[in-house]
Structures are given as C-alpha cells and as structure tokens.
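Descriptive analysis of the structure
Residue strings, one per chain:
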Amino acid sequence: MTEFFANIDLSRILLAALPIVIAAWLSRYVNGEAERLSARYIRHRHWLMNTSAILRFTLYSIAAFLAATTLFHFSQEALLASAGAIALTFSLAFQDLASSFVAGITLLIDRPFQVGDRVEFKGMYGDITEIGLRAVRLQTLDDNTISIPNNQFLKEAVSSANAGAL
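Once a new chain begins, its residue numbering starts again from 1 and follows that chain's sequence as written. Side-chain atom pairs in this predicted model are given and counted only at pLDDT of 80 or more, local residue features only at pLDDT of at least 70, and totals for whole chains, interfaces and linings cover all residues. Side-chain calculation: all heavy atoms of the structure are included, whereas hydrogens and water are not.

1. Some details on the side chain of Asp117
In this description a helix means any DSSP run of H or I spanning at least four residues, a strand means any run of E spanning at least two, and both kinds are numbered starting from the N terminus. When you line up the elements, Asp117 lands in the loop between helix H5 (95–110) and strand S1 (118–121). Accessibility here uses a 1.4 Å probe with only protein chains present; expressed as a share of the type maximum, an area under 20% marks a residue as buried, one over 50% as exposed, and anything in between as partly exposed. Residues counted as positive are Lys and Arg, residues counted as negative are Asp and Glu, and His and the chain ends are not counted. When a carboxyl oxygen of Asp or Glu lies within 4 Å of a side-chain nitrogen of Lys or Arg, that pair is called a salt bridge. The charged side chain of Asp117 is buried without a salt bridge, its nearest counter-charge being Arg111 at 8.3 Å. N or O atoms closer than or at 3.5 Å make up a polar contact, with two conditions inside protein: a donor-capable atom paired with an acceptor-capable one, and, for residues adjacent in sequence, both atoms drawn from side chains. From its side chain, Asp117 meets the backbone nitrogen of Gln114 in a polar contact 2.9 Å long.

In structure tokens:
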C-alpha cells in the first residue's frame, strides 16, 4: 500500500488539480454560453441545455481521468479492468432502454394497437398519439400526455376499444 502512495508529492497533487480547475472554468463558461444562447434562441433551449450538460459531464470525466493518471501509475491490467467495469455499468444502465427498443420494434410489427386507437393500460385511458422506438405516447381524456416505455406493453394486457378502426 505504501508503494501506491510513494510517488505522490505536492507538485504532483498541484499538477493533478490543474485539469480539474480547467474543467471547472470551462464548465462554467459552457453553461453561461448555453444560458445566453438559450435566452436568445428560445426554440432551441432544451437542445442547448442538454448539450451543455453532456459537454460538462464529458469535461469533468476527462479531468478526473487526467488527475488520476497524474497522481497514480496504473498498470495496463488495472486500466483494462476499469474499462471493463465501466462497460458493465453502462450495459446494466442501458438494459431497460434496449428492452424498450426491442419491444418497440415488436409493437410496430405485431401492431396490437395503432396511432389513433383508444386504449386502456394499467388504469390509464386515452388515445395513442405516437408509437416510437422507446415509448408510446398516450393522450388521456383530461388532456395529459403519458409516455409509457414499450417493454411495459409486452408485460401487461392492453385493451384497445377500436383496434385500428375509425
């Protein structure tokens, strides 16, 4: 354990802090520019803010990686194991998304209901307004839009009042 921390000194700590400080400054700049542009181009506000969030996450991830590799000497095996752990984490996180995507393709082929059908699903009743690859949009009678992941339709019963007929 002492070998792990043996090569760490004040100069390396300061050098490791540099990417984090730069990332923090760039993050504030990117966020400020996104807010300024979203005030000017209101129609693109959501896209700008989402892009800003992804860019800031990427900046901090790169800064953390640079800081860690500056402070510690990782073996190739440790880096490969870390990459595998990160890949496993992402695959588990995207499991539901992949399930909904495959279910969306199944819904488009099987067609248990169509856009415009009035359906009841888990106590929700309304008109199908969109069948996407990830989710189905249901417009309730009190004018609420509900987004239901496609994989839920493969697990539960759906009642379609008009089954594609007008």
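2. Details of the pairing of S1
Residues Val119 and Phe121 point to one face of S1 and are all buried, whereas Arg118 and Glu120, pointing to the other face, are not buried. Following DSSP output, two strands are said to pair if at least two bridges run between them. Pairing of S1 with strand S2 (residues 124–131) involves four bridges; the strand directions are antiparallel. Across the sheet, Val119 pairs through a bridge with Gly126, a residue of S2. Once S1 ends, the chain turns through two residues before running back antiparallel as S2, passing Lys122 with a positive phi of about 50°. Here two bridges tie S1 to strand S5 (residues 159–160), and the two strands are oriented antiparallel to one another. Residue Val119 lies in a different strand from S5, and its bridge partner there is Ser160.

3. Points about the packing of aromatic side chains
To pair, rings of Phe, Tyr and Trp, with the six-membered ring standing in for Trp, must have centres within 6.5 Å; the planes then decide the type, stacked if under 30 degrees apart, edge-to-face if over 60, and tilted in the middle. Tallied over the entire structure, the rule returns five aromatic pairs. Seen in terms of ring centroids, Trp25 and Tyr29 are 5.9 Å apart; in terms of plane orientation they differ by 10°. Their pairing is stacked. One end of the pair is Trp25 and the other is Tyr29, both in helix H2 (residues 10–40) and four residues apart, which spans about a single turn. Judged by its relative accessible area of 47%, Tyr29 falls in the partly exposed class. On the basis of an interplanar angle of 35° and a centroid distance of 4.4 Å, the ring pair of Phe121 and Phe153 is categorised as tilted. With Phe121 in strand S1 and Phe153 in helix H6 (residues 150–155), the pair connects residues that are 32 residues apart, well separated along the chain. For Phe121, a relative accessible area of 1% puts it in the buried group. Cluster of aromatic residues (ring-pair linked, three or more members): Phe113, Phe121 and Phe153.

4. Looking at unusual backbone geometry
Phi at Arg111 is positive, roughly 50°, even though this residue is not glycine. Structurally, the position occupied by Arg111 is in the loop between H5 and S1. A positive phi angle, near 70°, is found at Asp143, a position not held by glycine. On the secondary structure map, Asp143 appears in the loop between strand S3 (135–140) and strand S4 (145–149). Given the relative accessible area of 59%, Asp143 is considered exposed.

5. Considerations on the environment of Ala135
Relative to the helices and strands, Ala135 is located in strand S3. For Ala135, the residues in contact, after removing those within four places along its chain, are Glu130, Ser147, Ile148, Pro149 and Asn150. Pairs of residues are marked as contacts when any of their non-hydrogen atoms sit within 4.5 Å.

6. So, the pattern of salt bridges
Across all of its chains, the model carries three salt bridges by this definition. With a shortest N-O distance of 2.8 Å, Asp127 and Arg118 are connected by a salt bridge. Overall, the relative accessible area of 31% leaves Arg118 in the partly exposed class. Here Arg137 makes a salt bridge to Glu130, at a shortest N to O gap of 4.0 Å.

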